[in-house]
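Structure assessment
The residues making up each chain are set out below.
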Amino acid sequence: MISDKLQQAINEQIKAEEESSRLYLAMASWCDANGYAGAASFLFVHATEEREHALKLLHYVNDRDGHAKIMALEEPKIEWPSLQAVFEQVLEHEIMVTGLINNLVEIAFTEKDFNTYNFLQWYVMEQVEEESLVRGILDKFKLIEGEKGGLFHIDKELGDMAAAAEATAAGE
Ligand SMILES: [Fe+2]
Ligand SMILES: [Fe+2]
């Protein structure tokens with residue numbers, strides 16, 4: 001059985017993953033409303049992934065004889081000054097989540113809950129992948145230096161990435 005301390009910390013993480021999902025949903029909606037269809041698709045896919053991160057934690061807690069509690073969520077931001085600003089916030093948010101995951105790993109380790117410690121390694125790697133993905137996207141923004149045609153290509157590329165991610169998910 002999972003300890004109360006660890007259960008509470010994972011429940012907080014479920015909330016954080018749900019908030020990530022809602023933040024990306026709000027970003028997707030902003031992109032959609034501002035003519036960035038590709039970026040919108042990318043962020044809709046990402047919002048779904050974050051919800052899956054929350055669900056995976058929820059099932060884990062309950063599988064360990066605990067009780068995953070669903071909490072009230074913060075209202076996400078809904079406006080951004082530019083597409084680049086959206087992705088800058090995605091990176092900032094992911095770095096914050098990486099810190100939360102590392103904190104959870106530390107609790108699991110000090111509580112000597114090695115099942116949870118192992119389970120959390122998936123999240124550790126996921127954070128490495130997500131941060132790297134977003135840094136790659138921000139590099140493209142630096143290359144185009146705000147040029148409109150370049151922005152069009154970034155949006156298209158994000159749409160292609162979303163389509164590829166959806167195809168992989170459907171094939172699983
Ligand atoms: Fe996540
Ligand atoms: Fe994430």
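One structure accompanies this document, and this report is about it. (Residues numbered from 1 in each chain as written. Chains lettered and ligands numbered in written order. Predicted model: local features only at pLDDT ≥ 70, side-chain atom pairs only at ≥ 80, totals over all residues. Heavy atoms only, no water.)

The subject of this paragraph is the packing of helix α1 (residues 4-33) against helix α3 (residues 83-110). Two quantities define a packed helix pair, namely the angle between the helix axes and the distance between the axes. Closest axis-to-axis distance for the α1/α3 pair is 11 Å, and the angle between their directions is 170 degrees. On the basis of the axis angle, α1 is roughly antiparallel to α3. Here the residues of the contact of α1 with α3 are counted per class, giving 18 nonpolar, four polar and three charged. (Axes fitted to C-alpha atoms, helices over the stretch in contact; angles between N-to-C directions. Helix = DSSP H or I, 4+ residues; strand = E, 2+ residues; numbered from the N terminus. Parallel < 35°, antiparallel > 145°, perpendicular 65-115°, else oblique. Nonpolar A, V, L, I, M, F, W, Y, C, P; charged D, E, K, R; others polar.)

Over its 28 residues, α3 extends 41 Å from the first C-alpha to the last, a length consistent with the 40 Å expected when each residue adds 1.5 Å. Following α3 by one or two positions, K112 adopts a phi angle in the positive range, close to 55 degrees. (Expected span 1.5 Å × (residues − 1).)

A few words now on the coordination of the iron ion (ligand 1). Of the protein atoms, only E17 (OE), E50 (OE) and H53 (ND1) coordinate the iron ion (ligand 1), at distances of 2.1 Å. Of note, the donors binding the iron ion (ligand 1) are all from one chain and are spaced E-x32-E-x2-H. (Donors = N, O, S within 2.8 Å, 3.2 Å for Na, K, Ca; no water.)

This part takes up the pattern of salt bridges. Note on pairing: side chains with opposite charge can pair once their charged atoms come close. Under the criterion given, the structure shown has six salt bridges. K142 is paired through a salt bridge with D139; the nearest N and O atoms lie 3.6 Å apart. Taken together, the residues K142 and D139, both in helix α4 (residues 114-144) and three residues apart, mark about one turn of the helix. Measuring nitrogen to oxygen at the nearest pair gives 3.3 Å for the salt bridge that ties D160 to K156. (Salt bridge = Lys/Arg side-chain N within 4 Å of Asp/Glu carboxyl O.)

The iron ion (ligand 2) binds to the protein through E50 (OE), E94 (OE), E94 (OE) and E130 (OE), with metal-donor distances spanning 1.9 to 2.5 Å. Given four donor atoms and angles of 54 to 149 degrees at the metal, the environment of the iron ion (ligand 2) is assigned as irregular. Within one chain, the residues serving as donors to the iron ion (ligand 2) are arranged as E-x43-E-x35-E. A distance of 3.4 Å spans the gap from the iron ion (ligand 2) to the iron ion (ligand 1), which E50 bridges by coordinating each metal. Here the residue E94 occupies a position in helix α3, and E130 occupies one in helix α4, the gap between them amounting to 36 residues. Its relative accessible area of 1% is what places E94 among the buried residues. (Tetrahedral: all angles 85-135°; square planar, octahedral: opposite > 155°, others 65-115°. Buried < 20%, exposed > 50% of the residue type's maximum accessible area, 1.4 Å probe, protein only.)

With that settled, consider the environment of I154. With respect to the helices and strands, the residue I154 is situated in helix α5 (residues 148-171). The spacing of I154 and H46 is 108 residues in sequence and 17 Å in space, taken between C-alpha atoms. With residues up to four places along the chain from it excluded, the contact list for I154 reads K140, F141 and I144. (Contact = heavy atoms within 4.5 Å.)

In this section: unusual backbone geometry. Even without being glycine, D65 reaches a positive phi, approximately 70 degrees. With respect to the helices, strands and loops of the structure, D65 is situated in the loop between α2 (37-63) and α3. Residues other than glycine seldom take positive phi values, yet K112 does so here, at roughly 55 degrees. Along the chain, K112 turns up in the loop between α3 and α4. Taking the relative accessible area as the measure of exposure, K112 reaches 63% and is therefore exposed.

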